[in-house]
Amino acid sequence: MITTKLPVRFVDCDAMGHVNNAVYYTYFEEGKREIFRWFTPSMDLSDWRVIVASTHCDYIQEINYDEEITVYTWISTISRSSFDVEHAIAGPSGNWHARGRVTLIGYDYKTKQVVPLTEAIKGILKQHQDAPEGVPALRQIRINE
């Protein structure tokens, strides 16, 4: 599991006085920084090796300006060419603010092709599969037809 502490900036907040819903994805992105480095150690964007396929966020409790939050990031599933990264955001008192998931795919931007994950990368991903204790489950979305 990766742990990232972040301050809530004034610019993160909206007219309602709390963190705007879109900013949660920015917090999740910060939590993935180490994962990006596993794929592209130089962090050179011309050699980037993953692409986002899907994202999801459950909002549990609002986050307010000037809090310090902790973003917990871990790997839940690993497939041939993709893997799921899960996130949870907690406040300073340990209360849960959000849960999220992103599916990343191994990708070659030059050929515009999905590429399989290497065994070395899969090995690294497997070392980070522990979720934080007491983390709420992701909600199941139901669409009425």
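Predicted model, so just to flag it, every value in this text is computed and none were measured.

**A look at the overall build of the protein**
For the protein, the count of helices and strands is three helices and six strands. Of the regular secondary structure in the protein, the N- to C-terminal order runs β-α-α-β-β-β-β-β-α. Its C-alpha atoms give the protein a radius of gyration of 16 Å, near enough to 15 Å, the size a compact globule of 145 residues would have. Across its three principal directions, the C-alpha atoms of the protein cover 45 × 40 × 30 Å. Split into buried and exposed, the 145 residues of the protein put 40% on the buried side. Taking the intrachain contacts of the protein between residues at least 6 apart in sequence as the baseline, contacts between residues at least 24 apart amount to 67%. Working note: accessible area of the protein is about 8,500 Å², and carbon and sulfur atoms make up 51% of it.

**Considering the nonpolar core**
With 15 residues, the main nonpolar core has I35, W38, F39, F83, V85, L104 and L125 as its most contacted residues. Listed by contribution, the elements that provide at least two residues to this core are helix 2 (33–39), strand 4 (82–90), strand 5 (96–108) and helix 3 (119–126). Ranked by residues supplied to this core, first place goes to helix 2 with four residues. With near-sequence residues (within four places) excluded, L104 lies in contact with K32, I35, F36, I51, V52, S81, S82, F83 and V85.

**Regarding the environment of R33**
By secondary structure assignment, the location of R33 is in helix 2. Considering only alpha carbons, one finds R33 and Y72, 39 residues apart in sequence, at a separation of 12 Å. Engagement of the side chain of R33 in a polar contact is seen with the side chain of E30, the distance being 2.7 Å.

**Brief notes about helix 3**
Residues of helix 3 that are buried: I121, K122 and L125. One side of helix 3 holds all its buried residues, which, seen down the axis, span an arc of 100°. Turned more than 90 degrees away from the buried face of helix 3 sit E119, A120 and K126, all of them exposed. Residues of helix 3 that are buried sit in contact with helix 2, strand 3 (68–78) and strand 4.

**Describing unusual backbone geometry**
The phi dihedral of D66 falls on the positive side, at around 75°, and the residue is not glycine. Phi at K112 takes a positive value of approximately 60°, unusual for a residue other than glycine. If you trace the backbone, K112 turns up in the loop between strand 5 and strand 6 (113–114). Exposure remark for K112: the relative accessible area of 57% places this residue in the exposed category.

**Examining the pattern of salt bridges**
According to the stated counting rule, one finds six salt bridges in the structure shown. Across the pair E29 and K32 runs a salt bridge, and its minimum N-O distance is 3.4 Å. The class for E29 is partly exposed, based on a relative accessible area of 38%. Among the salt bridges present, the one from R49 reaches D47, with a minimum N-O distance of 2.8 Å. You can call R49 partly exposed: its relative accessible area is 38%. When its relative accessible area of 28% is taken as the criterion, D47 is described as partly exposed.

How each quantity is defined
- The numbers attached to residues start from 1 for each chain and follow its sequence in the written order.
- Only residues with pLDDT of 70 or above have their local features reported here, since the model is predicted, and side-chain atom pairs are shown and tallied only from 80 upward, although totals for entire chains, interfaces and linings are computed over all residues.
- No hydrogens and no water enter the side-chain calculation; it runs on all heavy atoms of the structure.
- Put simply, DSSP H or I for four residues or longer makes a helix, DSSP E for two residues or longer makes a strand, and each gets a number counted from the N terminus.
- For a compact globule the rule gives 2.2 Å times the number of residues to the power 0.38, and the radius of gyration it is set against comes from C-alpha atoms.
- A simple rule labels every residue: compare its accessible area, found with a 1.4 Å probe on the protein chains alone, to the largest value its type can have, and call it buried under 20%, exposed over 50%, or partly exposed in between.
- Between two residues, a contact is recorded if the distance between any of their heavy atoms is within 4.5 Å.
- Areas reported here follow the Shrake-Rupley algorithm with a probe of radius 1.4 Å; residue values treat only the protein chains shown as occluding.
- Nonpolar core, defined: a set of buried Ala, Val, Leu, Ile, Met, Phe, Trp, Tyr and Cys residues in which side-chain atoms within 4.5 Å join the residues together.
- Distance and chemistry together define a polar contact, namely a pair of N or O atoms within 3.5 Å, with one atom able to donate a hydrogen and the other to accept it when in protein, and with adjacent residues in sequence counting only for side-chain atoms on both sides.
- Working note: the arc is built from the helix axis to C-beta atom directions.
- Salt bridges, as used here, are contacts in which a Lys or Arg side-chain nitrogen is within 4 Å of a carboxyl oxygen on Asp or Glu.

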